[in-house]
Amino acid sequence: MMRKFLGPVVLNVFAWTTILAVAFPLFWMLVTSVKPQSELFRRPPTMLPESWTFEHYWHLLSQTNFLVYFRNSVMLSTVTTLLVVTVATLGAYSLVRFRYRGRESLAFMVLFTYLLPSVVLIIPLYLMLVSMGLSNTLFSLVIAYTTFALPYALWLMRSFMAGVPDDLEYAAMVDGASRMGAFVDVILPQLLPGIISTALFTFILSWNEYLYALVLVNSDEARPLTTGVMNMLISSFNIEWSLLMAASVMMSVPLIIVFAFLQSYLTRGFGAGAVKG
């Protein structure tokens, strides 16, 4: 009897401890961003600020290049996500539905590309972009991010595509639909959970990527948030922690919004397009 009672209690305590341990840095980041500079190094530290201020956000938006970096990250992540999802969906359809020589070998070559460390590809990719005259541009980062996001996205979409029955597509084609029509009207609704999962993965990966952005882009006009914010801090002899926390909060907000928006469609997509008798 005691074991049945203690089991759920211990499990709940462990779960809440883990949640608080993960959530506390986020809470402290948010609180620090609205604390006056004079309260940051107070001993003992205060959990909540005695006086709330949003001057750090105002300073970040009006006196730094944060908005330029933010715009670059939004454009870069959005374009990369659209490109990767489109190519991965069509590539997965080809690998699953069509039969041709070298199909499995091609799939494993794509997987092998994903297993390579990112640092191995930086130098040849940089030299290729320089020879093409695309270095130090946002488009160069789109190409770079696609190289390591596409292989995983392709395999993820391949697993979702393999779970869609062939009979649905064949039934649509028997009713007069073309292969492209059957793909758009029948296959894509079935793939909605996979498409959204792939888009979410690609967007987060592109938004948080640092290494390629550091090596391939050197101008403020093309820097994303990850390297742009660090560049602001390195150029300053005195790190303003409130400014850093404000930037971190604003960098996290788009990811939270995108995840919250896509999660509802993700849940809805699992029940979409079911066969009804």
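Residues numbered from 1 in each chain as written. Predicted model: local features only at pLDDT ≥ 70, side-chain atom pairs only at ≥ 80, totals over all residues. Heavy atoms only, no water.

Draft legend 1. Quick peek at the overall build of the protein chain. Broken down by element type, the protein chain carries 12 helices and 0 strands. The secondary structure elements of the protein chain, listed N-terminal to C-terminal, are α-α-α-α-α-α-α-α-α-α-α-α. Against the 2.2 N^0.38 benchmark of 19 Å for 277 residues, the protein chain shows a C-alpha radius of gyration of 24 Å, more extended than a compact globule. In terms of principal-axis extent, the alpha carbons of the protein chain reach across some 75 × 70 × 30 Å. Counting only residues that meet the buried cut, the protein chain has 38% of its 277 residues in that class. Intrachain contacts of the protein chain at a sequence separation of at least 6 include 73% that bridge at least 24 residues. By element, 72% of the accessible surface of the protein chain is carried by carbon and sulfur atoms, the whole surface being about 16,500 Å². (Helix = DSSP H or I, 4+ residues; strand = E, 2+ residues; numbered from the N terminus. Rg over C-alpha atoms; globule rule 2.2 N^0.38 Å. Buried < 20%, exposed > 50% of the residue type's maximum accessible area, 1.4 Å probe, protein only. Contact = heavy atoms within 4.5 Å. Areas by Shrake-Rupley, 256 points an atom, 1.4 Å probe, with all protein chains shown as cover.)

Draft legend 2. Molecular detail of unusual backbone geometry. For Asn136, which is not glycine, the phi dihedral falls at a positive 65°. Mapped onto the fold, Asn136 is located in the loop between helix H5 (118–131) and helix H6 (138–162). Overall, Asn136 belongs to the partly exposed group, its relative accessible area being 30%.

Draft legend 3. Region of the structure containing the pattern of salt bridges. All chains considered together, the criterion is met by 2 salt bridges. With its nearest N and O atoms 2.9 Å apart, the salt bridge here joins Arg97 to Asp166. Taken together, the positions of Arg97 in helix H3 (residues 66–97) and Asp166 in helix H7 (residues 166–174) put the pair 69 residues apart, joining distant regions of the chain. Across the pair Asp220 and Arg223 runs a salt bridge, and its minimum N-O distance is 2.5 Å. Classification of Arg223 by relative accessible area gives buried; the value is 13%. (Salt bridge = Lys/Arg side-chain N within 4 Å of Asp/Glu carboxyl O.)

Draft legend 4. Structural detail: the packing of helix H8 (residues 179–190) against helix H9 (residues 192–208). At a minimum axis distance of 4 Å, the contact between H8 and H9 shows a crossing angle of 65°. Side by side, H8 and H9 meet where Leu188, Pro189 and Gln190 of the first sit next to Leu192, Pro193 and Ile195 of the second. Grouping the amino acids of the contact of H8 with H9 by side-chain chemistry returns 5 nonpolar, 1 polar and no charged. (Axes fitted to C-alpha atoms, helices over the stretch in contact; angles between N-to-C directions. Nonpolar A, V, L, I, M, F, W, Y, C, P; charged D, E, K, R; others polar.)

Draft legend 5. Main features of the environment of Ser242. Within the secondary structure layout, Ser242 lies in helix H12 (residues 241–269). For Ser242, a relative accessible area of 0% translates into the label buried. Taking the C-alpha atoms as reference points, Ser242 and Leu83, 159 residues apart in sequence, are found 36 Å from one another. Other than its neighbours up to four places away in sequence, Ser242 contacts Thr32, Ser33, Lys35, Gln37, Leu40 and His56. Polar contacts involving the side chain of Ser242 include one to the main-chain carbonyl oxygen of Lys35, which spans 3.5 Å. (Polar contact = N/O pair within 3.5 Å; in protein donor to acceptor, adjacent residues only side chain to side chain.)

Draft legend 6. How the structure looks around the packing of aromatic side chains. The full count for this structure, using the stated rule, is 10 aromatic pairs. Between Phe203 and Trp207 the ring centres are 5.8 Å apart and the planes differ by 20°, which places this aromatic pair in the stacked class. Separated by 4 residues within a single helix, Phe203 and Trp207 lie in helix H9, roughly one turn from each other. Taken as a pair, Phe203 and Trp207 share a single burial class, namely buried. Chaining the aromatic ring pairs together yields one cluster made of Phe66, Phe70, Phe203 and Trp207. Sitting over the ring of Trp155, Arg158 keeps its end group 4.9 Å from the ring centre. (Phe/Tyr/Trp six-rings, centres within 6.5 Å; stacked < 30°, edge-to-face > 60°. Lys NZ or Arg CZ within 6 Å of the ring centre and 35° of its normal.)

Draft legend 7. Representation of a nonpolar patch on the surface. A cluster of nonpolar side chains, namely Val119, Val120, Ile123, Tyr126, Leu127, Val130, Tyr210, Leu211, Leu214, Val215 and Met230, defines an oily patch on the protein surface of about 920 Å² accessible area. For the nonpolar patch, the secondary structure elements donating two or more residues are H5 and helix H10 (211–216). Mapped onto the elements of the fold, Tyr210 is located in the loop between H9 and H10. In this structure Tyr210 comes out as partly exposed when scored by relative accessible area, which is 35%. (Patch = residues over 30% accessible without salt bridge, like charges linked within 9 Å, V, L, I, M, F, W, Y side chains within 5 Å.)

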